[in-house]
Amino acid sequence: MAFGCGAGAYFALKSEPSLAVVAVIALATAFIAVALRRWGRAPAPTAAVLLLAFAVCGVLSGKLQTLAMRGPVCPPLAGVRVEGWVVDLASRGATGPRLLIAPTFIRGVPVDQ
C-alpha cells in the first residue's frame, strides 16, 4: 500500500524530481530501515521507516517508468498542416468522426520526431 501511495504521490508532484535525488533518498531510507531492523530495539520506528522506504521506492518506480516511456513532445497543433495515412475511423464523437492518423509530415515538427 505504501508503494502505491508513493507512486501516486509521484504523479501528483508539481515539478519533475531528479532521478539521482529520488534514488539516493530511496537507498538511504532502505538502508536505515535495514539498520533499524538489525540493531534497533523499538519496532514502531522501524515500521515507520520501512513504510517510508516503500513509499519512496514507489516514487522511484514512477520516475523510472516516466523515463522509460518518454518520447518527443509535439508543439500545440492548432491550425497546423498534418499529412499522413488514415489508419482507422473510430466511433463518432461529440464533434464528428474520430480519425487515427499515422503522420508522415507535421509542419513545425522535425521529421525524425
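See the structure above.
Nothing here was measured: the structure is a model prediction, and the numbers come from that model.

So, how was this worked out
- Residues numbered from 1 in each chain as written.
- Predicted model: local features only at pLDDT ≥ 70, side-chain atom pairs only at ≥ 80, totals over all residues.
- Heavy atoms only, no water.
- Axes fitted to C-alpha atoms, helices over the stretch in contact; angles between N-to-C directions.
- Helix = DSSP H or I, 4+ residues; strand = E, 2+ residues; numbered from the N terminus.
- Parallel < 35°, antiparallel > 145°, perpendicular 65-115°, else oblique.
- Left-handed = near helix turned anticlockwise from the far one by under 90°.
- Nonpolar A, V, L, I, M, F, W, Y, C, P; charged D, E, K, R; others polar.
- Patch = residues over 30% accessible without salt bridge, like charges linked within 9 Å, V, L, I, M, F, W, Y side chains within 5 Å.
- Areas by Shrake-Rupley, 256 points an atom, 1.4 Å probe, with all protein chains shown as cover.
- Salt bridge = Lys/Arg side-chain N within 4 Å of Asp/Glu carboxyl O.
- Buried < 20%, exposed > 50% of the residue type's maximum accessible area, 1.4 Å probe, protein only.
- Core = buried A, V, L, I, M, F, W, Y, C linked by side-chain atoms within 4.5 Å.
- Contact = heavy atoms within 4.5 Å.
- Polar contact = N/O pair within 3.5 Å; in protein donor to acceptor, adjacent residues only side chain to side chain.
- Expected span 1.5 Å × (residues − 1).

Following both chains from N to C, one finds helix α2 (residues 19-39) and helix α3 (residues 43-69) inclined at 155 degrees, their axes separated by 8 Å at the closest point. Overall, the two elements α2 and α3 adopt an arrangement that is roughly antiparallel. Crossing geometry of α2 relative to α3 is assigned as left-handed. Along the lines of polarity and charge, the residues of the contact of α2 with α3 split into 20 nonpolar, two polar and two charged.

It is worth spelling out a nonpolar patch on the surface at this point. Taken together, the side chains of Val 82, Val 86, Leu 89, Leu 99 and Ile 101 present a nonpolar region at the surface, about 450 Å² in accessible area. Elements represented by at least two residues in the nonpolar patch include exactly β1 (82-93) and β2 (96-106). The element that contributes the greatest number of residues to the nonpolar patch is β1, accounting for three residues. Relative to the elements of secondary structure, Leu 89 occurs in strand β1. Looking at Leu 89, the relative accessible area reads 55%, which means it is exposed.

Take the nonpolar core next. Of all hydrophobic cores here, the largest spans six residues; its members are Tyr 10, Val 22, Ala 26, Val 56, Val 59 and Leu 60. Secondary-structure elements contributing two or more residues to this core are α2 and α3. Look past the residues within four positions of Val 56 in its chain and what remains in contact with it is Val 22, Ile 25, Ala 26 and Thr 29.

Following the sequence through the fold, Lys 63 ends up in helix α3. Of note is the side chain of Lys 63, whose polar atom sits 3.0 Å from the backbone oxygen of Pro 17. Contacts of Lys 63, omitting those with residues within four sequence positions, involve Tyr 10, Glu 16, Pro 17, Ser 18 and Leu 19.

Attention now goes to the environment of Val 80. Among the structural elements, Val 80 can be located in the loop between α3 and β1. Setting aside anything within four residues of it in sequence, one finds Val 80 in contact with Ile 106 and Arg 107.

Moving on: α2. Along its 21 residues, α2 runs 30 Å from first to last C-alpha, staying within 8% of the 30 Å computed at 1.5 Å per residue. Residues of α2 that are buried: Val 22, Ala 26, Thr 29, Ala 33 and Ala 35. Structurally, α2 contributes buried residues whose contacts are with α3. Near the N-terminus of α2, the side chain that reaches the backbone nitrogen of Ala 20, with its oxygen 3.3 Å away, is that of Ser 18.

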